[in-house]
Amino acid sequence: MAVTITTTNTAISFLSLSHPKPRTLQWVCYPQKPRSQFVCCLSVDRPTYQSASGQSESAASGGGGSSLRVVFATRGTGGRIYPAVAIADEIKMTNPDAQILFIGTDSGMESAIVPSAGYDFAPIPGSPLGRSIFCLETLTLPFYLVRSMVESWKIIKEFKPQIVFGTGCSVSFPVCLVAALNGLRVIIHEHGSVPGLANWALSVLADLVFVAYNSTVDCFPTDKKKIVVTGNPLRLSLKKFVSKAVGRSYFFPRLGKVHDSDAKVVLVLGGSMGANSMNIALLNFYQQMLLERENLHIIWETGVGSFDEMENLVRNHPRLILAPFLHAMDLAYAAADLVVSRAGAMTCTELLATGKPAILIPSPNVEEGHQFKNASLMADLAGSNIITEDELDSCTLRYAIEDILDNEQLMTTMSERAFQAAKPNAGAEIVEHLISLLNASPKK
Ligand SMILES: CC(=O)N[C@H]1[C@@H](OP(=O)(O)OP(=O)(O)OC[C@H]2O[C@@H](n3ccc(=O)[nH]c3=O)[C@H](O)[C@@H]2O)O[C@H](CO)[C@@H](O)[C@@H]1O
């Protein structure tokens, strides 16, 4: 359930000033139950994009207009969904008449993230991927795949896209396959350092393959000429400048009003799913640290799955925001002096673009040590501090946080290095390639 609350308090005034279109605060409930005194899941509405005729519903209705029509197929964690949202944002910037439709599943995070980003969404059945070849999920995979392909076929026939864009997941596989069978342009993007299975397989039939890192190129079993290294695209909201005061007034109204320059805000991110070990480590010292440091404020994303438990364990405090998931990441990054986070590929891209000093705790549960590779790269590029899961405990984390927070010079250097290493134009570059491809030889 999403309840939109329109109000006229100071935070809203700041938001309206900083964004081209007036926006409203949205309180998204995960799961569907009344929330307590904690601020839970504040999100900022984006402008709803309208078609040239002014009828937003026409986006999913097919029809014969000449505007660019793109389908995005995405599912999974934020790291797969947000690159698609970022490229869609970029397309709308350069082609305001473009018609965009996202295909995903009803059960995945995309069903909440995509509509909240202002795009039309069409669900298909998800195909589960089993951990071994003999497990139930793997045995039922062909059945799900056929169902997903049939549903994708119907949507593609009706929407008539020129391009189908997959971000590598169990939804992008059937959708891109159907697109290729229909003779449509297929493009994929891999955000991580090692391609997922869907992207690996789809690279063979894709017209263009965008990747974030040079080292990923050789991982694909396809003609290297169609692989372009661009980096990861950023959501439009993260590319825009949001001042520290605006970010802070959104989360802690008093800070925005008085521009308290002594205040220090620590943003704790467990990735799009949250991180239990980080939650536990923080749980053991947040109270003491807030007590000892009167200028400290904490924004703590617990993950949707752990939120109820954490909400029961964490004591309400005026300088603490506890949230299951943050939609307004632009404002959260803007507010923060220091970010403590998992080391997912998209988060690392965003930390560089927003110039945030970071302590990274790579998830040990991600295949092939992806997150450790990301964190090592961040340490080289921006001097990020790495704490491994084995080293993670309350003392280590608290010491690492205070070590950076108390060293202004170090924070400035880390921030400057991050800005220098950022590649904020990946999205624009991807859209340029995409338009050139269409102009060079329209397939249909
Ligand atoms: C490539 C990789 O490492 N993937 C792992 C990563 O994915 P995950 O998708 O979580 O990691 P990423 O850092 O790549 O992407 C997270 C995205 O979600 C956004 N975000 C996050 C929190 C929030 O409250 N609001 C918000 O918008 C971030 O801004 C970012 O854009 O961690 C998951 C566990 O958590 C693992 O299952 C995935 O295998």
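Residues numbered from 1 in each chain as written. Predicted model: local features only at pLDDT ≥ 70, side-chain atom pairs only at ≥ 80, totals over all residues. Heavy atoms only, no water.

Describing the site of the ligand
With respect to spatial proximity, 23 residues lie near the ligand, and among them T77, G79, L326, T347 and E350 are the closest. At 4 residues, helix α14 (residues 345-353) tops the list of elements feeding residues into the shell around the ligand. Classifying every residue of the shell around the ligand by side-chain character gives 9 nonpolar, 11 polar and 3 charged. Structurally, the shell around the ligand is a two-domain feature, drawing no fewer than three residues from each of domain 1 (60-234 + 425-439) and domain 2 (239-421). (Near = heavy atom within 4 Å. Helix = DSSP H or I, 4+ residues; strand = E, 2+ residues; numbered from the N terminus. Nonpolar A, V, L, I, M, F, W, Y, C, P; charged D, E, K, R; others polar. Domains from an automatic or database assignment.)

Re the domain arrangement of the chain
One frequent convention defines the size of an interface as the accessible area lost when the parts assemble. You can read the domains of the chain as domain 1 (60-234 + 425-439) and domain 2 (239-421). Here the C-alpha centre of domain 2 lies 30 Å away from the C-alpha centre of domain 1. Listed per partner, the contact involves 19 residues of domain 1 and 15 residues of domain 2. Buried surface at the junction of domain 1 and domain 2, both sides included, amounts to about 1,500 Å², of which 66% is carbon and sulfur. Here domain 1 and domain 2 share 1 salt bridge between them. Taking the shortest distance from any N to any O, the salt bridge between E90 and K239 comes out at 3.1 Å. On inspection of domain 1 and its partner domain 2, the count reaches 4 residue pairs in polar contact (both at pLDDT 80 or more). (Contact = heavy atoms within 4.5 Å. Buried area = accessible area lost by both parts, 1.4 Å probe. Salt bridge = Lys/Arg side-chain N within 4 Å of Asp/Glu carboxyl O. Polar contact = N/O pair within 3.5 Å; in protein donor to acceptor, adjacent residues only side chain to side chain.)

Regarding the pairing of strand β4 (residues 69-73)
Burial runs high along β4: 5 of the 5 residues are buried. Side chains of β4 alternate between two faces, with R69, V71 and A73 and V70 and F72 buried alike. In terms of strand pairing, β4 meets strand β5 (residues 99-104) through 5 bridges, oriented parallel. When the bridges of β5 are listed, R69 appears paired with Q99. (Buried < 20%, exposed > 50% of the residue type's maximum accessible area, 1.4 Å probe, protein only. Pairing = 2+ DSSP bridges.)

A word on the packing of aromatic side chains
Any two aromatic rings considered together are summarised by their centre-to-centre distance and by the angle between their planes. The full count for this structure, using the stated rule, is 7 aromatic pairs. Geometrically, the ring pair formed by F165 and F210 is stacked, given 6.4 Å between the ring centres and 10° between the ring planes. Here F210 lies in strand β9 (residues 208-211) and F165 lies in strand β7 (residues 163-166), a separation of 45 residues in the sequence. A residue is classified by how much of its surface remains accessible, and F165, at 0% relative accessible area, is buried. Here a set of aromatic residues connected by ring pairs shows up, and it is made of F72, F102, Y119, F165 and F210. Across the ring face of Y82, the terminal group of R235 is positioned such that the distance to the ring centre comes to 3.4 Å. (Phe/Tyr/Trp six-rings, centres within 6.5 Å; stacked < 30°, edge-to-face > 60°. Lys NZ or Arg CZ within 6 Å of the ring centre and 35° of its normal.)

Some words on the pattern of salt bridges
Pairing between side chains of opposite charge can happen when the charged atoms of each approach one another. Under the criterion given, the structure shown has 13 salt bridges. Its salt-bridge partner being R235, residue E350 comes within 3.6 Å of it at the nearest N-O pair. Taken together, the residues span a long stretch of sequence, with E350 in helix α14 and R235 in the loop between β10 (227-229) and α7 (236-239) at a distance of 115 residues. A relative accessible area of 4% means that E350 is categorised as buried.

What about the packing of helix α10 (residues 276-283) against helix α12 (residues 304-313)?
Packed helix pairs are specified by the crossing angle of their axes together with the interaxial distance, meaning the distance between the axes. Direction vectors running N to C along α10 and α12 enclose 5°, while the axes themselves pass 12 Å from each other. Here α12 runs roughly parallel to α10, going by the angle between their axes. Two secondary-structure elements touch here, α10 through N276, N279 and L283 and α12 through S306, M310 and L313. When grouped by side-chain class, the residues that make up the contact of α10 with α12 number 3 nonpolar, 3 polar and no charged. (Axes fitted to C-alpha atoms, helices over the stretch in contact; angles between N-to-C directions. Parallel < 35°, antiparallel > 145°, perpendicular 65-115°, else oblique.)

Looking at the sheet that holds strand β12 (residues 296-301)
Judged by pairing direction, the sheet is parallel, and its 6 strands sit side by side in the order β13-β12-β11-β14-β15-β16 without closing on themselves. Because the sheet does not close on itself, it has two edges, and the strands there are β13 (320-323) and β16 (385-386). With 5 bridges joining them, strand β11 (residues 264-269) and β12 adopt parallel strand pairing. Paired with K264 across the bridge in β12 is L296.

Focus: the nonpolar core
One finds F251, L267, I299, L326, Y333 and L360 to be the most contacted residues of the largest nonpolar core, which totals 37 residues. Counting only elements with at least two residues in this core, the list comes to α8 (244-251), β11, β13, α13 (329-335), α14, β15 (358-360) and α15 (370-382). Examining the composition of this core, we find that 6 residues originate from one element, α13, more than from any other. Those residues in contact with I299 that sit more than four places away from it in its chain are F251, F252, V265, V266, L267, V268, I321, L326 and A335. Ranked by size, the runner-up nonpolar core spans 31 residues in total, among them W300, I387, L405 and M411. (Core = buried A, V, L, I, M, F, W, Y, C linked by side-chain atoms within 4.5 Å.)

Description of the UniProt feature "domain: Glycosyl transferase family 28 C-terminal" (unreviewed entry) in the chain
Residues annotated by UniProt as "domain: Glycosyl transferase family 28 C-terminal" (unreviewed entry) correspond here to residues 265-424. When the span residues 265-424 is considered, its composition is 50% helix and 15% strand, and the gap between its end C-alpha atoms is 24 Å. (UniProt positions renumbered as here; feature names shortened; annotations may be inferred.)

Topic: the sheet that holds strand β8 (residues 185-190)
Strand order in the open sheet formed by 7 strands is β6-β5-β4-β7-β8-β9-β10, with parallel pairing between adjacent strands. Two strands close off the open sheet at either side, each with one partner strand: β6 (120-123) and β10. Ignoring strand direction, the axes of neighbouring strands in this sheet form an average angle of 25°. Bridge analysis of β9 against β10 gives 3 bridges, and the strand direction is parallel. Bridge pairing in β10 links V211 to V229. Packing of helix α2 (residues 78-94) onto the sheet brings it into contact with β4, β5, β7 and β8, and relative to β5 it is tilted by some 170°. Together, β4, β5, β6 and β7 form the strand contacts of helix α4 (residues 136-159), whose direction differs from that of β5 by roughly 175°.

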